[in-house]
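Observations on the model geometry
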Amino acid sequence: MLTLFTTAKPFLGHSGVIQRNALRSWSLLHPDVEVILFGDEEGAAEVAGKLGVRHEPLVERHDSGLKRIDYMFDRAQEIARHDVLCYVNCDIILLPEFCEAVRHVSDTYAAFLMVGRRWDTEIARPVNFSNSGWSHEIRQVALKTNDRRDGWWIDYFCFSRKLYHRQIPAFVIGRVCWDNWLVWKAIDSGAAVVDASSLVFAVHQNHGYSYHPMGKQGIWTDELSKRNFTLAGGWRHLRTIGDATTRLTANGIKPNRTRYWHATAHAWKGTGRVLTFDVWLPVWHIFLDLSRPLRARLGLRSKLFRQPTEADPSPARKLP
């Protein structure tokens, strides 16, 4: 059915809680789901054993010690039981409709990438997965928080085997740009890129950035982020969820006509008439953070993707 793979921080404190929540939610998606956990961080082997997750302790790393995206994607495609794979950040809880969305996309396209927006949510405790209503409760918490990120924030990449095999630069995880490059690469390869935001409810469990000496700002601007940006080929090779070629909706897969606006914006960036990477990117994210409440009140955050409500939770709808 599906192979999901990821890597994690040490399973300590709050990070340990949200990572266990994420892995357990994936293992419950379908009886034939395979989950692979890369890395030898503290607690990884124990957690993998308890959850029935396949553990791959060996990961190639940059001199900084950060793990390399290219190694994990290549290795996963070589050892996965299934022909549909999905890299997911290890703080994301996936709800049951995810597999139905994957099935619909994989039945439609031979080569594809499926991505979607996330819902930022405060979750500080282990989820009670023995409660049959756990997914409904998580969904309601996220809806009440009402903090869905825009298309620059991409936390899962569901793709057909061989789409990326031995084609990814030596990006490091935990820094920016590699995720946006993956979207560009799929488009450049001629694969269908599907925005599943309106059907897939991906819950991001909020966390801090104390693991970086400069905090969140450092994640965007340090030398390793600049290195990722260079390896990506600059702005012309970075795309967002808004650039998806199609959208998965309750009425099937539809063309994403708004992507042409995004293409124009990328072309403008490519002319060089923008601020440098280390200045522009954090300024852009700060603007998004500060303007989010106003955009929510004006309805601008849901202009392209209607946000589900308790009365009409479209992510839970059945696909045709």
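For the structure, see preceding data.
Throughout what follows, the structure given in this document is the object of discussion.

The rules behind the values
- Residues numbered from 1 in each chain as written.
- Predicted model: local features only at pLDDT ≥ 70, side-chain atom pairs only at ≥ 80, totals over all residues.
- Heavy atoms only, no water.
- Helix = DSSP H or I, 4+ residues; strand = E, 2+ residues; numbered from the N terminus.
- Areas by Shrake-Rupley, 256 points an atom, 1.4 Å probe, with all protein chains shown as cover.
- Pairing = 2+ DSSP bridges.
- Axes fitted to C-alpha atoms, helices over the stretch in contact; angles between N-to-C directions.
- Phe/Tyr/Trp six-rings, centres within 6.5 Å; stacked < 30°, edge-to-face > 60°.
- Buried < 20%, exposed > 50% of the residue type's maximum accessible area, 1.4 Å probe, protein only.
- Lys NZ or Arg CZ within 6 Å of the ring centre and 35° of its normal.

Attention shifts here to the overall build of the chain. Each helix and strand counted, the chain has 10 helices and 12 strands in total. Taken as a whole, the chain presents about 14000 Å² of accessible surface, with 54% of it coming from carbon and sulfur.

Strand pairing in a sheet relies on backbone hydrogen bonds. The paired strands run either parallel or antiparallel. The strand order across the open sheet built from nine strands is β3-β2-β1-β4-β8-β6-β9-β11-β12, with neighbouring strands paired in mixed fashion. A strand with exactly one partner marks an edge of an open sheet, and here the two such strands are β3 (54-56) and β12 (252-255). Within the sheet, the average angular offset between the axes of one strand and its neighbour, ignoring direction, is 25 degrees.

Before going further, it helps to examine the packing of aromatic side chains. How two aromatic rings sit relative to each other is given by the distance of their centres and the angle of their planes. Under the criterion given, the structure shown has 17 aromatic pairs. Ring geometry for Phe159 versus Tyr164: centroids 5.2 Å apart, planes at 70 degrees, classification edge-to-face. By relative accessible area, which is 0% here, Tyr164 ends up buried. In textbook terms, an aromatic cluster arises when at least three aromatic residues are bridged by ring pairs, as seen for Phe5, Phe38, Phe73, Tyr87, Phe157, Phe159, Tyr164 and Trp178. Directly above the ring of Phe201 sits Arg139, whose terminal nitrogen or CZ lies 5.2 Å from the centroid. The ring of Trp153 is capped by Arg149, whose NZ or CZ atom sits 4.2 Å from the centre of that ring.

Here Asn146, not a glycine, exhibits a phi torsion of approximately 55 degrees, which is positive. By the element assignment, Asn146 lies in the loop between α5 (134-145) and β8 (156-160). Its relative accessible area of 34% is what places Asn146 among the partly exposed residues.

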